[in-house]
Amino acid sequence: MPVHDVHVAVIYYSSTGTVAELAQRIADAAEHAGADVRLRRTAELAPQAAIDANPAWAANAAATADIMEATHEDMLWADAVIFGTPTRFGNVTSQLKQYLDTLGGLWQQGRLADKVYSGFTASATPHGGQESTLLALYQFVHHFGGILVAPGYTDPAKFRDGNPYGTSHVGGPDTPLDDDARTAARIQAERVVKFTKAIKHGLSPAS
């Protein structure tokens, strides 16, 4: 097994479980590639009545209740952060954005800069805003002074899933992850770990 010498935080929001499953896949692949990994979910903002009214939402909330909520300390700990969010009108969910919006103090101190960042998403329809969601997410990376590592078309499998911006999946609780999404998750995690290792060990203290 590879030496676990970099820290990767996988921070996500998921309502009905698709993004949660992608997050677990990415976390597992990053660990296998040689990273020490923290899997974290952002706080739920929706009222309990809305959650209870959707069986898949309620089931995912129960299934992931033992996953710790993301804190600022997770950002400070991480050498790389991989964010996950469903699409909401072609944009980041309010639950993930609320967490990102609380990072202003760390950003102002320059403590979010020079880390590797990447993202993944899911939508219920084939043209449900996956690309625009990831591009919106990456605006935070530019403001942080982060280093964006997207998967691109760097592996033959990427021409099958077709999303160079990040791992994505079309479907909901009744449409499980397919082989393309699982492969994309692995490729993205491995690429993030590869370049995080290169950046962390390739820069001297004086750089």
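Along each chain, the written sequence defines residue order, and numbers are assigned to residues from 1. Note on the predicted model: pLDDT of at least 70 is required for a residue's local features to be given, and 80 or more for side-chain atom pairs to be given and counted; whole-chain, interface and lining totals, by contrast, use all residues. Water and hydrogen atoms play no part in the side-chain values, which are based on all heavy atoms of the structure.

Caption draft 1: Molecular detail of the side chain of Thr85. Elements are defined by DSSP. Helices are runs of H or I of four residues or more, strands are runs of E of two residues or more, and each kind is numbered from the N terminus. Relative to the helices and strands, Thr85 resides in strand E3 (residues 80-88). In protein, a polar contact means a hydrogen-donor-capable atom and an acceptor-capable atom, both N or O and within 3.5 Å, with residues adjacent in sequence counting only if both atoms are side-chain atoms; elsewhere, any N or O pair within 3.5 Å suffices. Of the polar contacts made by the side chain of Thr85, one reaches the side chain of Thr93; its length is 3.0 Å. Residues within four places of Thr85 in sequence aside, it is in contact with Tyr13, Val19, Val92, Thr93, Leu96, Phe120, Thr121, Ala122 and Thr133. A contact between two residues is defined here by any heavy atoms of the two lying within 4.5 Å.

Caption draft 2: Layout of the packing of aromatic side chains. Here a Phe, Tyr or Trp ring, Trp counted by its six-membered ring, pairs with any other such ring whose centre lies within 6.5 Å, and the pair is stacked when the planes are under 30 degrees apart, edge-to-face when over 60, and tilted otherwise. Evaluated as defined, the whole model comprises 4 aromatic pairs. Ring plane angle 10 degrees and centroid distance 6.2 Å describe the contact between Phe83 and Tyr117, whose orientation is recorded as stacked. With Phe83 in strand E3 and Tyr117 in strand E5 (residues 116-123), this pair connects stretches of sequence that are 34 residues apart. Burial classification: accessible surface area is computed with a 1.4 Å probe over protein chains only, and a residue below 20% of its type maximum counts as buried, one above 50% as exposed, and the rest as partly exposed. Using a relative accessible area of 1% as the deciding quantity, one classes Phe83 as buried.

Caption draft 3: Representation of the environment of Ala124 in the model. Along the polypeptide, Ala124 turns up in the loop between E5 and helix H7 (130-144). In this structure the C-alpha to C-alpha distance between Ala124 and Pro86, which are 38 residues apart in sequence, comes to 9.0 Å. Dropping the residues within four chain positions of it, Ala124 is found in contact with Val170 and Gly171.

Caption draft 4: Molecular detail of the nonpolar core. Residue types Ala, Val, Leu, Ile, Met, Phe, Trp, Tyr and Cys, when buried and joined through side-chain atoms within 4.5 Å, form a set referred to as a nonpolar core. Val8, Val10, Tyr12, Ile26, Leu39 and Phe120 are the most contacted members of the largest nonpolar core, which totals 27 residues. Take this core: its biggest share by element is 8 residues, from helix H1 (residues 18-32). Aside from chain neighbours lying at most four places away, what touches Ile26 is Val10, Ile82, Phe120, Ala185, Gln188 and Ala189.

Caption draft 5: Representation of the layout of surface pockets. Grid points spaced at 1 Å and placed over the protein atoms alone form the basis of the search, with a cavity being a set where a 1.4 Å probe fits but cannot get out and a pocket an open set showing protein on both sides within 12 Å along at least five of seven lines. Lining residues have an atom within 4 Å of a point. Grid points are joined across faces, edges and corners, and a volume is the space filled by probe spheres set on the points. Here the largest pocket defines a volume of roughly 260 Å³. Looking at the largest pocket, it is lined by 14 residues, and the ones nearest its centre are Gln130, Asp161, Ser168, His169 and Val170. Sorting the residues of the lining of the largest pocket by element identifies H7, helix H8 (158-161), strand E7 (167-170) and helix H9 (179-202) as the ones contributing at least two each. Among the elements that make up the lining of the largest pocket, the one with the highest residue count is E7 (3 residues). For this classification, the nonpolar set comprises Ala, Val, Leu, Ile, Met, Phe, Trp, Tyr, Cys and Pro, the charged set comprises Asp, Glu, Lys and Arg, and every other residue, Gly included, is treated as polar. Of the residues belonging to the lining of the largest pocket, the class tally is 3 nonpolar, 6 polar and 5 charged.

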